[in-house]
Protein chains: 4
Amino acid sequence: MFYIDLNCDMGESFGAWKMGCDQALMNIVSSINVACGFHAGDASVMRETVQMAIEKGVAIGAHPSFPDLQGFGRRDIKMSPQEIFDVALYQISSLKGICEAFGAKLHHVKPHGALYNQAAKNPETASAIAEAVKAVDHDLIFYGLSNSFLISEAAKLDLQTASEVFADRTYQTDGSLTPRSEPNALIHDTEKAVKQVLQMIMKQTVTAVSGENISLKAETICIHGDGENALKFAAAIGQKLIENKIAIRAIQ
Amino acid sequence: MFYIDLNCDMGESFGAWKMGCDQALMNIVSSINVACGFHAGDASVMRETVQMAIEKGVAIGAHPSFPDLQGFGRRDIKMSPQEIFDVALYQISSLKGICEAFGAKLHHVKPHGALYNQAAKNPETASAIAEAVKAVDHDLIFYGLSNSFLISEAAKLDLQTASEVFADRTYQTDGSLTPRSEPNALIHDTEKAVKQVLQMIMKQTVTAVSGENISLKAETICIHGDGENALKFAAAIGQKLIENKIAIRAIQ
Amino acid sequence: MFYIDLNCDMGESFGAWKMGCDQALMNIVSSINVACGFHAGDASVMRETVQMAIEKGVAIGAHPSFPDLQGFGRRDIKMSPQEIFDVALYQISSLKGICEAFGAKLHHVKPHGALYNQAAKNPETASAIAEAVKAVDHDLIFYGLSNSFLISEAAKLDLQTASEVFADRTYQTDGSLTPRSEPNALIHDTEKAVKQVLQMIMKQTVTAVSGENISLKAETICIHGDGENALKFAAAIGQKLIENKIAIRAIQ
Amino acid sequence: MFYIDLNCDMGESFGAWKMGCDQALMNIVSSINVACGFHAGDASVMRETVQMAIEKGVAIGAHPSFPDLQGFGRRDIKMSPQEIFDVALYQISSLKGICEAFGAKLHHVKPHGALYNQAAKNPETASAIAEAVKAVDHDLIFYGLSNSFLISEAAKLDLQTASEVFADRTYQTDGSLTPRSEPNALIHDTEKAVKQVLQMIMKQTVTAVSGENISLKAETICIHGDGENALKFAAAIGQKLIENKIAIRAIQ
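Residues numbered from 1 in each chain as written. Chains lettered and ligands numbered in written order. Predicted model: local features only at pLDDT ≥ 70, side-chain atom pairs only at ≥ 80, totals over all residues. Heavy atoms only, no water.

1. Re the interface of chain C and chain D
Right, so step 1: With 23 residues of chain C at the contact, the number on the chain D side is 23 residues.
Right, so step 2: Summed over both partners, the interface of chain C with chain D comes to about 1600 Å²; 62% of that surface belongs to carbon and sulfur atoms.
Right, so step 3: The interface formed by chain C and chain D includes four salt bridges.
Right, so step 4: Where C:K96 meets D:E100, a salt bridge forms, and the shortest distance between an N and an O atom there is 3.9 Å.
Right, so step 5: Inspection of the region where chain C meets chain D yields six residue pairs in polar contact (both at pLDDT 80 or more).
Right, so step 6: Mapped by element, the contributors of at least two residues to the side of chain C that touches chain D are helix 2 (43-56) and helix 3 (81-101) of chain C.
Right, so step 7: In terms of residue class, the side of chain C that touches chain D is made up of 12 nonpolar, six polar and five charged. (Contact = heavy atoms within 4.5 Å. Buried area = accessible area lost by both parts, 1.4 Å probe. Salt bridge = Lys/Arg side-chain N within 4 Å of Asp/Glu carboxyl O. Polar contact = N/O pair within 3.5 Å; in protein donor to acceptor, adjacent residues only side chain to side chain. Helix = DSSP H or I, 4+ residues; strand = E, 2+ residues; numbered from the N terminus. Nonpolar A, V, L, I, M, F, W, Y, C, P; charged D, E, K, R; others polar.)

2. Notes on the side chain of A:D68
Residue and element names in this part refer to chain A.
Right, so step 1: Position of D68 among the secondary structure elements: in the loop between strand 3 (59-63) and helix 3 (81-101).
Right, so step 2: Within the structure, D68 has its side chain in polar contact with the backbone nitrogen of G71 (distance 2.9 Å).
Right, so step 3: Engagement of the side chain of D68 in a polar contact is seen with the side chain of R75, the distance being 2.9 Å.
Right, so step 4: Residues in contact with D68, not counting those within four places in the same chain, are F38, H39, G73, R75 and I77.

3. Quick notes on the relation of the copies chain A and chain B
For the pair of chain copies, the relating transformation is a rotation about an axis with a translation along it.
Right, so step 1: Overlay of chain A on chain B (RMSD 0.0 Å): rotation 180°, translation along the axis 0.0 Å. Interpreted geometrically, this transformation is the action of a two-fold axis. Closest to the rotation axis within chain A is the C-alpha of A:S94, separated from it by 2.1 Å.
Right, so step 2: Looking at chain A, 100% of its interface residues are interface residues in chain B too, so the copies touch through the same face. (Least-squares fit on C-alpha atoms with pLDDT ≥ 70 in both.)

4. Focus: the packing of helix 3 of chain C against helix 5 (residues 123-136) of chain C
All names here are of chain C.
Right, so step 1: It is at 8 Å that the axes of helix 3 and helix 5 come closest, and there the two elements cross at 35°. The interaxial crossing formed by helix 3 with helix 5 has right-handed handedness. Across the interface between the two elements, P81, I84, F85, A88, L89, I92, S93 and K96 from helix 3 touch E124, T125, A128, I129, E131, A132, V133, A135 and V136 from helix 5.
Right, so step 2: Looking at the contact of helix 3 with helix 5 residue by residue, the classes come out as 12 nonpolar, two polar and three charged. (Axes fitted to C-alpha atoms, helices over the stretch in contact; angles between N-to-C directions. Left-handed = near helix turned anticlockwise from the far one by under 90°.)

Okay, here's the thing in structure tokens:
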């Protein structure tokens, strides 16, 4: 029997602005990454998202970001490791408290956007976030890009990690994602994406753009929640996993 | 033997802007109310303040506010009870997590500025904050204006309360503070202030501006940390309490 | 020949969050009120909105608000008249500069949300905003609720005013809007709304909920841009006006 | 007769937080750079600073920044040239409007902090800001680091530039500032600083740390307004200039 975790960013509305189709996606995924107010998600959105997640039975994670509402956390900000530790600690703590207020337990942490990308390549950034996670609760699971400093730095701190892979992104021979600037960075064809996912789960390999098969640890699959076809795409992935007897469940 | 808690608002710096003399005041007071990022105090200031408080051995409380950095939380914002619950829950949670990350336990919650004043007069506001406190941790102590809805609403929810009095404010016959718009609202003379404080602690009464002695529950005294003479005033109060064999210690 | 101005709030997206269907609505209305960054609209959204308005040939107005992104400017904030003057001056100036950078001229100012509602009832608030408008440019037209302090205070300062009426709101005998808390506050039926609009334009009266006809100055009609049926409703109003030989054009 | 402009960053208070000694410094300098709300300076502080500058007769410039209050605009944010243009346009416009509301004319623009440093080295950033300045008013003077892309890119757009030099920073042989990470980056000795300033003004050269004299265009000297000795240092520079018959006046 194979198991896989599907995770999705959620709680990305802010005030009067709505984003995503959280309710529908929670029927498909097993774990969610909740914005903590720094790139999206105000205190009310966070509370509503946590309540919905509890009802749907999905595992709740914190999704800390650089402080940048207008840029949606997608722009690098040159912060020191100490500053990164501080904003991560603040954000994780806020969501943890909201979870506990409603009887849930915070399950994991996955950095957002530019912070995720920077930490994947920069061990100092990765380490600063992992230190904050450990300071909050040693049992939190650290989600990060497979094969990156996010995973290796968290492991150094004895945190349990979950290696994340992408259904709709192609990979290079060195195991890194093809940069979005490249024309073949994205997989638009659902069938191809499903095929890649099944291979990643069952063989722990991926076929790089060069055609080579490379090994890749795949413990959780990122499902995108925004964009027009996100929901359809997510549903198709979910359906195919079930057809292939792969159980969707959160990291244990 | 008499005991009294001295509390002071702290952690009110923000980024490059410094405010207050936290280090010196922590030598005098027994409990502090730490800004949580909504009227002051960013994630780094909060972490530094918590670390300093642990070193100094003072009890740490959350100081949630309306979201209003530019107005320092001093302006009423017409928020619904649900919105107030949500922002209080978020802020208290963030500080609780920071405390626990460094091995401390959050001790109390005291609303800030306009939120405090509104809740003192409006039971719905007071109740919304108290519900958030209870949701986070039933054992947190709720600090509020003596004789106000802050205390009565928190008591209805079975929260332990701490009735707050002021050293440098005068009182009306009904137990309320003389509005700041009145010429005799403030006590500028340190000796008079000390006299009022001693009477409040030892007799649980205060002499109203009318000359009448009225009863007033006094469990914690608010020490102001800003303003030119704040530190001198605080030190004088502290000194006189010790001379009068009144021990300064946090609410148990 | 009758003329009427149709105005609509626009530029209410913020960063990654989209709101409204500005492009389509600009084909219908004659003037727009552009959010200036305090309740919605960042610097990029403002610039894009101004460029689109120039292309479509609609008159551009500033839409200043209380500083409250998370509350979308819909919550009262207790600010002093001086503070209101200052934030209005700042916001109007920012949009004026953006207009002029692209060769357009700022045409009017209409306060937003809670600031609009507060100023309608409170002459001090209305006067503070009007003073800011006058300080920026005496020739700016001041849009405000017909029959309210917005109009009378601006007139006192010799500003040209535009009395605003609503297609989809009912009126009381005293000329005020039926509060939204009342069941009959809104007109959901497009035909009824059109009928009300035609009467307001051609007779400068409105039939109050009591059945009485009362006089009402109607110079500009507010078209709502959010909500599901906003665009359809706006198009229907526009169509009927044209059929009734009422020309839609900005206040001269 | 020699002339020189002394410029100083001002209006860097925010809400309840005070910074700098603007009033005293305005007696010394000839032009000021006013924070526009993105790294410091709210709408009220801006209006007060403009009023004070008018009274003191100093030339008023806009001091646009990356959007980063908590970081005081000192952290690089990876924004696109279009985003930089947009935030610069917004900020310059807001200050220009406030100036004109009180009868003053905006005189210049000088980017702040990380935006200044980035633009000095990156022609795309420099060009984006210069385009915004030109869009607002072709007659605005563009202040930037002498010998940097700030000056060359602005010149390409036919803007008048003012080459800025520093009294308390040392220079490299290539005309660049010694990085702050180097031990000899700062000149702490007032006499040495004055000597450097006089040489820069009268000979348009500076003695680099290597001992070589290099040529350097010096049209405006940056006076720091924060830090303990800022005021003393500024006064000393001002005094020495006067003694050496160098007139302090804004760029014409």
